[in-house]
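A structural walkthrough
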Amino acid sequence: DDGGVLSRSPLGQIEVIELLIELRACYAAVRSTPPPQLDAILEMLVPPLLTLLHGDGGLGSWQGAGAVSPERIAALIKASGVRTRPLRDARHWGYQRVAAGKSVLQFDAAPPPVARHARDGCASTLAFEFSHGKERLIVNCGGAAFAGGQIPLRLAQGLRATAAHSTLAIDDFNSTAVLINGKLGPGVSEVEVDRRILTGEGAGATRIEASHNGYVSRYGLTHRRILIMRDDGSELRGEDLLVPTGRRGKRGMIGVALRFHLGPHIELAQGRDGLGVTLALPDGSLWQFRSGRDPVTLEESIWSDGMGRPLATRQLVISAKIPRSGESFSWLLKKMR
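Residues numbered from 1 in each chain as written. Predicted model: local features only at pLDDT ≥ 70, side-chain atom pairs only at ≥ 80, totals over all residues. Heavy atoms only, no water.

1. Some details on the environment of arginine 251
- Turning to its location among the elements, arginine 251 is positioned in the loop between β10 (235-244) and β11 (253-262).
- Relative accessible area serves as the criterion here: at 79%, arginine 251 is assigned to the exposed category.
- Counting along the chain gives 72 residues from arginine 251 to proline 323, while the straight-line C-alpha distance between them is 6.9 Å. (Helix = DSSP H or I, 4+ residues; strand = E, 2+ residues; numbered from the N terminus. Buried < 20%, exposed > 50% of the residue type's maximum accessible area, 1.4 Å probe, protein only.)

Below, the structure is given as structure tokens:
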């Protein structure tokens, strides 16, 4: 209803916009008036695409996409002739956007696409990306849709996994099954979302809370994520909760990993207590990531640029063994002054 394609892929969104622009050009070439529906559809398609643009004007890494360049996006929007603003709450398409100060937060708050609608569907529910100005701090790996080029086919399966996205995974299982034939299997079928504005004596903030049922059948746990972005864009607070759901037994322990994949060219310095990491961005700004309870470790990662080239990056990982009765994890990403 908000103009997003059923594959939930921004690359699919770009493709259909390009096709309609070319079709309109064909009518112009033969001096014929195009059907008014063409412009009406374009006006629906452009705002959801803008939802997934970062501060540099480039695309976020969702449903197999890479970071398509600002130049290509700008040329596409200019050719469409549509002048509009991004959707903040593309609830039907499934993405949330918060623009605060120089910061942009993108949040996947919907089930993955239905298998018949997607070629490169990803198990990315409740993952997020975060940028400040032209710098990307937290990203998803992306690139599964470019498999067969510079990204090997055998790597694409992993790039579609939950672990390739900045979210929580239990025992390295995907929140939605990623099948070898390129389709998605069972997993997340329901996502609840609540978005509200917070006001107080200090700076205001936007709070988004979402939960999914992808781990209920296997573990009897619902993953709930709360993100709070200050209005000046200097701070993102997060809390990830695993909440008991259903009648499954609550005995035993499970492994949990929260992954925060980092943008390229970020220098890292780990704190003495193991709970914090300082991020030095290429623009010279400093940010600090803090875990509320468990140590933060550094691991290797990759990130796909807009040309489908994999770049070596790193990721922050919070790992823990927790009881099956559930647990909560809090964390903070803050700009240092």
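Don't stop here, the text continues.
2. Details of unusual backbone geometry
- The phi torsion at aspartate 172 lies on the positive side, around 60°, for a residue other than glycine.
- Overall, the relative accessible area of 59% leaves aspartate 172 in the exposed class.
- The backbone phi angle of histidine 265 is positive, close to 65°, even though this residue is not glycine.
- Note on placement: histidine 265 falls in the loop between β11 and β12 (267-270).

3. Details of the packing of aromatic side chains
- Throughout the structure, instances matching the rule amount to ten aromatic pairs.
- Every member of this aromatic cluster is reached through a ring pair, and the members are Phe128, Phe260, Phe289 and Trp331.
- The ring centre of tyrosine 95 lies 4.4 Å from the NZ or CZ of arginine 8, which sits over that ring.
- The ring of phenylalanine 173 has arginine 218 lying over it, and the distance from NZ or CZ to the ring centre is 3.7 Å. (Phe/Tyr/Trp six-rings, centres within 6.5 Å; stacked < 30°, edge-to-face > 60°. Lys NZ or Arg CZ within 6 Å of the ring centre and 35° of its normal.)

4. Quick notes on the pattern of salt bridges
- Counted according to the given criterion, the structure contains 19 salt bridges.
- For arginine 91, the salt bridge is made with aspartate 89, and the minimal N-O distance between the two is 2.8 Å.
- The closest approach of N and O atoms between aspartate 294 and arginine 293, which form a salt bridge, is 2.3 Å.
- A residue is classified by how much of its surface remains accessible, and aspartate 294, at 11% relative accessible area, is buried.
- Residue classification places arginine 293 among the partly exposed positions, given a relative accessible area of 34%.
- Because the salt bridges share partners, they merge into one network encompassing Asp172, Arg259 and Glu299. (Salt bridge = Lys/Arg side-chain N within 4 Å of Asp/Glu carboxyl O.)

5. Thoughts on the environment of alanine 109
- With respect to the element layout, alanine 109 can be found in the loop between β3 (103-108) and β4 (128-132).
- Remark: the alpha-carbon pair of alanine 109 and tyrosine 95, spanning 14 residues in sequence, is separated by 5.7 Å.
- Setting aside anything within four residues of it in sequence, one finds alanine 109 in contact with Gly94, Gln96, Val191, Val193 and Ala210. (Contact = heavy atoms within 4.5 Å.)

6. Brief notes about the sheet that holds strand β8 (residues 205-212)
- Across the sheet, which stays open at both edges, the eight strands sit in the order β7-β8-β9-β10-β17-β14-β13-β12 with antiparallel pairing between neighbours. What marks the edges here is a single partner per strand, and that holds for β7 (191-198) and β12. Within the sheet, the average angular offset between the axes of one strand and its neighbour, ignoring direction, is 15°.
- Of the pairings in the sheet, the one linking β12 to strand β13 (residues 276-280) comprises four bridges and is antiparallel in character. Each residue of the ladder has a partner; that of glutamine 270, found in β13, is valine 277. (Pairing = 2+ DSSP bridges. Axes fitted to C-alpha atoms, helices over the stretch in contact; angles between N-to-C directions.)

7. A closer look at the nonpolar core
- Ranked by internal contacts, the top residues of the largest apolar core, which has 42 residues, are Phe128, Phe130 and Leu279.
- Ranked by residue count, the leading element in this core is β11, at five residues.
- Grouped together as the second largest cluster of nonpolar side chains are 26 residues, Leu20, Leu42, Leu45 and Val82 included. (Core = buried A, V, L, I, M, F, W, Y, C linked by side-chain atoms within 4.5 Å.)

8. Focus on the packing of helix α1 (residues 10-29) against helix α3 (residues 70-80)
- At a closest axis distance of 10 Å, the pairing of α1 and α3 adopts a crossing angle of 40°. Taken as axis vectors, α1 and α3 run oblique relative to one another. Between α1 and α3 lies a crossing whose hand is left-handed. Residues Ile14, Ile17, Glu18, Ile21 and Arg24 of α1 lie in contact with α3, whose contacting residues are Arg72, Ile73, Leu76, Ala79 and Ser80. (Parallel < 35°, antiparallel > 145°, perpendicular 65-115°, else oblique. Left-handed = near helix turned anticlockwise from the far one by under 90°.)

Limitation: the analysis is restricted to geometry and does not speak to function.
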